[in-house]
Amino acid sequence: MIPPTLADIRPCLEGAIPAVMATCALDGTPNVAYISQVFYAGERQVALSFQFFNKTRQNILSNPHATVLVLHPVTAAFFRLHIRYLRTETQGPVFEGMKAQLAGIASHSGMATVFKLRGSDIYEVHEIEPIAGEPLAALPPRANVLTALRRGSERLARCTGLDELLNTTLATLADFLDIRHAMVLMLDTGTQRLYTVASCGYAASGVGSEIEMGNGVIGVAARERTPVRIMHMTSAYLYSHAIRSSLRDHAPGLLLDTDIPYPGLAEPHSQLAVPIESAGRLLGVLFAESPEDLRFGFEDEDALVILAGHLSAAIDLMQARPDTLDTPFPLPAAPPVPPATGTALRLRRFRANDSVFVNDSYLIKGVAGAIFWKLASDHAQHGRTEFSNRELRLDPAIQLPDVIDNLEARLLLLQRRLIDHGPHIRIEKTGRGRFRLQVMRPLILLEVQG
């Protein structure tokens, strides 16, 4: 009989049922204690939670060998792990993943004040020993995750634009993995914040809402570049509102609200965040949540990691394509359009962080705000409606990053914010690297120094 691997018994490492750990002092005195977490840390490694400096901890520091008894949460099958202590980590992906999982366990058990992670003890697994018994029958297998990923990948491969790509990613989660509440966030490298560019399953889209690096499940996944999964509700990883605007930080006297409400569930019981990375660079985060406990298992985590990898590759390919096929700019004049009529729209831009307001209602800020102000200014001064990505990249006033500018994501963010909150102004794509500004009302532009 082939001995099981850690991959075979991953359901035992979900933290649903405490494990039992046996250690031995140098004089041969044994000690047996419950331990909160046995965390999957690789093909041959597990991480155990270090919460108290107790007899177990003392024994391990003097004698690194131990055994751990884990239980399958569905079949009740027992497995004994023979392990050897390697090191303790107090930061990084494994520590943060365990900290998030432990917060969920503590919240579910009512022991949030007791369950505090001090470190992640990393162990090498030498042997996994099945314990004889009569386990219960396993649950019927889920719908084939590989089939779901194949069908989703085929959809993604047909996408030609970022808007379509993000919508297809969320549709793949809903249609093939039954994940109904999800969002995609992109990283703003300048502010080191993540901003929502697409969502599904919520009453409001929340496009433009921001999460600070390291804040909650999404921020931790981004900062540590690792998946973070919680299977019980925990206040430690909830978002009660969007991150406060940097405009207020620089000008606290302004009575202007630049917060965009975060679109998440009010009481999520399961959350899963996966970083979107390419060639060592963080592009954003793919996030899913559910009102049900224990909704996301390791198979869901694996599926989202694969989907995020496909998404990052597609984003990189789209960014690498030339904006236009050697088309000169400025672009030729657009076909004549009727002059804008009706009550003028009053646009205000605050230079502190390029926040733009339309008739006192907040629209956008940051690089996307600078882009919108350029478009509106060129339209108001010269009547322009046709623009290209290339000219935006060459405009120093917009201050796009030199390496990865995420221009398509910023334009998509602006386009969706205008649909939701910018009446009488629209942006539509007219070709590769080209778009049109549609203005249906006269514009009055005002710049504010604050």
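Residues numbered from 1 in each chain as written. Predicted model: local features only at pLDDT ≥ 70, side-chain atom pairs only at ≥ 80, totals over all residues. Heavy atoms only, no water.

(A) Quick look at the pattern of salt bridges. Applying the stated rule across the entire model yields 32 salt bridges. Between glutamate 224 and arginine 223 there is a salt bridge, with its nearest N and O atoms 2.9 Å apart. Put simply, arginine 351 and glutamate 447 hold a salt bridge, and the shortest N to O gap is 3.0 Å. Residue arginine 351 is located in the loop between strand S14 (345–350) and strand S15 (355–358), and its partner glutamate 447 is located in strand S20 (residues 443–448); the two are separated by 96 residues in the primary sequence. For arginine 351, a relative accessible area of 42% gives the class partly exposed. Assessed through its relative accessible area of 33%, glutamate 447 is described here as partly exposed. Linked by salt bridges that have partners in common, Lys374, Asp378, Arg384, Glu391 and Asp395 make up one network. (Salt bridge = Lys/Arg side-chain N within 4 Å of Asp/Glu carboxyl O. Helix = DSSP H or I, 4+ residues; strand = E, 2+ residues; numbered from the N terminus. Buried < 20%, exposed > 50% of the residue type's maximum accessible area, 1.4 Å probe, protein only.)

(B) Representation of helix H8 (residues 366–382) within the structure. Taking 1.5 Å of rise per residue, 17 residues should cover 24 Å, and H8 covers 24 Å from first to last C-alpha, within 8% of that figure. Most of H8 sits inside the fold, with 13 of its 17 residues counted as buried. Of the residues one or two after H8, glycine 383 is the one with positive phi, at around 75°. (Expected span 1.5 Å × (residues − 1).)

(C) Highlighting the sheet that holds strand S7 (residues 119–130). The seven strands lie next to each other as S2-S1-S5-S6-S7-S4-S3, forming an open sheet whose pairing is antiparallel. In the strand order of this sheet, the two ends are held by strand S2 (30–35) and strand S3 (38–42), each with one partner. Strand-to-strand twist in this sheet, taken as the mean axis angle between neighbours without regard to direction, amounts to 35°. The sheet contact formed by S3 and strand S4 (residues 45–50) spans four bridges and is antiparallel. Paired with tyrosine 40 across the strands is valine 46, a residue of S4. On the sheet, helix H1 (residues 55–62) packs against strand S1 (19–24), S2, S4, strand S5 (65–71), strand S6 (78–89) and S7 and is oriented at approximately 50° with respect to S1. (Pairing = 2+ DSSP bridges. Axes fitted to C-alpha atoms, helices over the stretch in contact; angles between N-to-C directions. Contact = heavy atoms within 4.5 Å.)

(D) Here's a closer look at the sheet that holds S14. A sheet is described by the order of its strands in space; here four strands give the open sequence S16-S15-S14-S20, paired in mixed fashion. Either end of the sheet is taken by a strand with one partner, and the two such strands are strand S16 (361–364) and S20. Taking each pair of neighbouring strands and ignoring which way they run, the sheet shows an average axis angle of 30°. The pairing of S15 with S16 spans three bridges and is antiparallel. Note on S16: the bridge partner recorded for valine 356 is isoleucine 364. The strands touched by H8 within the sheet are S14, S15, S16 and S20, with S20 carrying the most contacts at an inclination of about 130°.

(E) Examining the nonpolar core more closely. Counting 66 residues, the largest nonpolar core has Leu165, Leu173, Leu304, Ile371, Phe372 and Leu375 as the members making the most contacts within it. The residues touching leucine 165, leaving out its near neighbours within four places in the chain, are Leu156, Cys159, Leu311, Ala314, Ile315 and Met318. Among the nonpolar cores identified, the runner-up in size contains 22 residues, and Leu6, Ile9, Met21 and Ile128 belong to it. (Core = buried A, V, L, I, M, F, W, Y, C linked by side-chain atoms within 4.5 Å.)

(F) Examining the packing of aromatic side chains more closely. This model, assessed by the stated rule, comprises four aromatic pairs. Ring geometry for phenylalanine 350 versus phenylalanine 357: centroids 5.5 Å apart, planes at 75°, classification edge-to-face. Since its relative accessible area comes to 2%, phenylalanine 350 is described here as buried. With a centroid separation of 5.9 Å and 20° between ring planes, the pair formed by phenylalanine 387 and phenylalanine 435 is classed as stacked. Linking phenylalanine 387 in strand S17 (residues 386–388) with phenylalanine 435 in strand S19 (residues 434–439), this pair joins segments that are 48 residues apart in sequence. For the pair shown, phenylalanine 387 and phenylalanine 435 are each scored as buried. Through pairs of rings, three or more aromatic residues link up here, namely Phe350, Phe357 and Tyr362. Above the face of the phenylalanine 50 ring, arginine 57 is positioned so that its terminal group lies 3.8 Å from the ring centre. (Phe/Tyr/Trp six-rings, centres within 6.5 Å; stacked < 30°, edge-to-face > 60°. Lys NZ or Arg CZ within 6 Å of the ring centre and 35° of its normal.)

(G) The arrangement of the pairing of strand S13 (residues 281–290) in detail. Of all ten residues in S13, nine are buried; the element is thus mostly enclosed. Relative to S13, strand S12 (residues 270–278) is paired through nine bridges, and the arrangement is antiparallel. Of the residues in S13, the one forming a bridge with glutamate 277 is leucine 282. What sits between the antiparallel neighbours S12 and S13 is a turn of two residues, in which alanine 279 has the positive phi angle 50°.

No statement about biological role is implied by the geometric values presented.
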